[in-house]
Amino acid sequence: MEKTAFVTGSARGIGAAVARRLSREGWTVALHCLRSREAAEMLAQELQKEGGRCAVYTADVADRDAITAAIQRAEEELGPISLLVNNAGIARQELFQDVTPETWRRIFAVNVDGPFYACQAVLPHMLHVKHGSIVNLSSIWGLRGASCEVAYAASKAAVIGLTRSLAAELAPSGIRVNCVAPGVIATDMVRQLGEETMAQLREETPVGRLGTPEDIAQAVAFFADDRSAFITGQVLTADGGFIL
Ligand code: NAD
């Protein structure tokens, strides 16, 4: 069975770590970015130097035509996608009263509509061969809720609903859908909160450190292949004990 993965938002952070890990496990990887083409190309060169096979595709996941076309191009150039990782996401911290409808819609457009469009784009082939795996990135805030991140937490809760429902619908067709819910991971998304907040979050994490993108890549890789063949519709929390 061919192993070609499409990883959304893989120019940096968790997505880049997922792409690296999959490439090292023998996957052909379609790297995807919105604006960070240069960073994605650099990652592609790094993976190719190690013997990996990959290419870069650019699209806004919130734009249905654009992300569908990017996935179709990847399938033509690299082969049919048997693993989709819906990683691209945005977050924003502000009081609920300050959230504008535009912000609310953009967060849902990227975090929820994006996975919806990407799933629909990879399904024709997966349904045809009755095989495939989809891994969505939620968040512990999608499980627990978060003050000053209502839109983000609500969008990540929606990702869990999408995961479980789609898993039930697609299981008879041989396609598994699972979800990773990271805790606090040291990436640009968290660095923007500032050093003081990061130190506080580190202290609140029972294992005594923030997560790394590689910690999350391990969990995604587990859902990617037959190591998790009997597992679908699950949410794996990878948070160093944060929400225990
Ligand atoms: P990040 O900000 O470092 O990377 C996000 C990536 O998504 C970037 O490459 C960005 O360009 C891409 N992206 C954003 N909007 C896009 C769009 N409209 N179209 C295409 N690409 C787009 O963030 P990260 O920390 O690596 O987060 C990756 C995923 O993990 C996100 O879904 C995030 O919500 C989730 N997550 C992160 C943490 C954390 O602590 N870092 C915790 C829980 C969940």
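Our structure's up above, just so we're on the same page.
About the cut-offs
Residues numbered from 1 in each chain as written. Predicted model: local features only at pLDDT ≥ 70, side-chain atom pairs only at ≥ 80, totals over all residues. Heavy atoms only, no water. Helix = DSSP H or I, 4+ residues; strand = E, 2+ residues; numbered from the N terminus. Contact = heavy atoms within 4.5 Å. Polar contact = N/O pair within 3.5 Å; in protein donor to acceptor, adjacent residues only side chain to side chain. Pairing = 2+ DSSP bridges. Axes fitted to C-alpha atoms, helices over the stretch in contact; angles between N-to-C directions. Phe/Tyr/Trp six-rings, centres within 6.5 Å; stacked < 30°, edge-to-face > 60°. Parallel < 35°, antiparallel > 145°, perpendicular 65-115°, else oblique. Left-handed = near helix turned anticlockwise from the far one by under 90°. Nonpolar A, V, L, I, M, F, W, Y, C, P; charged D, E, K, R; others polar. Near = heavy atom within 4 Å. Buried < 20%, exposed > 50% of the residue type's maximum accessible area, 1.4 Å probe, protein only.

With that settled, consider the environment of S228. Inspection of the secondary structure assignment puts S228 in the loop between α9 (213-224) and β7 (235-238). Here the alpha-carbon distance between S228 and N178, two residues 50 residues apart in the chain, equals 9.8 Å. Contacts of S228, omitting those with residues within four sequence positions, involve R176, F222 and F223. Of note is the side chain of S228, whose polar atom sits 3.4 Å from the backbone oxygen of F223. One polar contact links the side chain of S228 to the main-chain carbonyl oxygen of D225, over a distance of 3.1 Å.

Another point: the environment of P115. By the secondary structure assignment, P115 is in helix α4 (residues 101-129). Sequence separation of P115 and S36 is 79 residues, and the distance between their C-alpha atoms is 19 Å. Setting aside residues up to four positions removed in sequence, P115 forms contacts with N86, V110 and L162.

Moving on, we come to the sheet that holds strand β1 (residues 4-7). Sheet architecture is open: seven strands sit in the order β3-β2-β1-β4-β5-β6-β7, paired in parallel fashion. Edge positions in the sheet fall to β3 (54-58) and β7, since each has one partner strand and no second. Adjacent strand axes in the sheet meet at a mean angle of 20° when their direction is disregarded. In this fold helix α2 (residues 37-49) packs onto β2 (28-33) and β3, with an angle of close to 170° to the strand it touches most, β3. Here α4 sits on the sheet in contact with β4 (83-86), β5 (132-137) and β6 (175-182), set at roughly 175° to β4.

Time to look at the packing of aromatic side chains. Applying the stated criterion across every chain, the model contains five aromatic pairs. With a centroid separation of 5.1 Å and 20° between ring planes, the pair formed by W104 and F108 is classed as stacked. Of this pair, W104 and F108 both sit in helix α4, four residues apart, which is roughly one turn of the helix. Pairing W141 with F242 gives two aromatic rings, centres 5.6 Å apart and planes at 90°, and the pair type is edge-to-face. Taken together, the residues span a long stretch of sequence, with W141 in helix α5 (residues 140-144) and F242 in the segment after β7 at a distance of 101 residues.

At a minimum axis separation of 8 Å, helix α1 (residues 13-24) and α9 run at an interaxial angle of 50°. Taken as axis vectors, α1 and α9 run oblique relative to one another. With respect to the hand of their crossing, α1 and α9 are arranged in right-handed fashion. Residue-level inspection shows G13, I14, A17, V18, R21 and L22 of α1 in contact with α9, the latter providing P213, E214, I216, A217, Q218, V220, A221 and A224. Counted by class, the contact of α1 with α9 contains ten nonpolar, two polar and two charged residues.

In the vicinity of the ligand there are 28 residues, among which R12, D60, N87, Y152 and T187 approach most closely. Contact between the ligand and G183: an oxygen atom at 3.3 Å from a main-chain N or O atom of the residue. One of the backbone nitrogen or oxygen atoms of I185 is found 2.8 Å away from an oxygen atom of the ligand. Secondary-structure elements contributing two or more residues to the shell around the ligand are α1, α4, α6 (150-170) and α7 (188-191).

So, on to unusual backbone geometry. Positive phi is not limited to glycine here, since K130 has a value of about 55°. Of note in this structure, C148 is not a glycine but carries a positive phi near 65°. Position of C148 among the secondary structure elements: in the loop between α5 and α6. Taking the relative accessible area as the measure of exposure, C148 reaches 31% and is therefore partly exposed.

Once that is clear, we can look at the pairing of β6. Among the eight residues in β6, eight count as buried, and that is most of the element. Neither face of β6 is open: one carries I175, V177, C179 and A181, the other R176, N178, V180 and P182, and all of them are buried. Bridge count for β5 against β6 is six bridges, and the pairing is parallel. In the sheet register, G132 faces β6, and the bridge partner there is I175.

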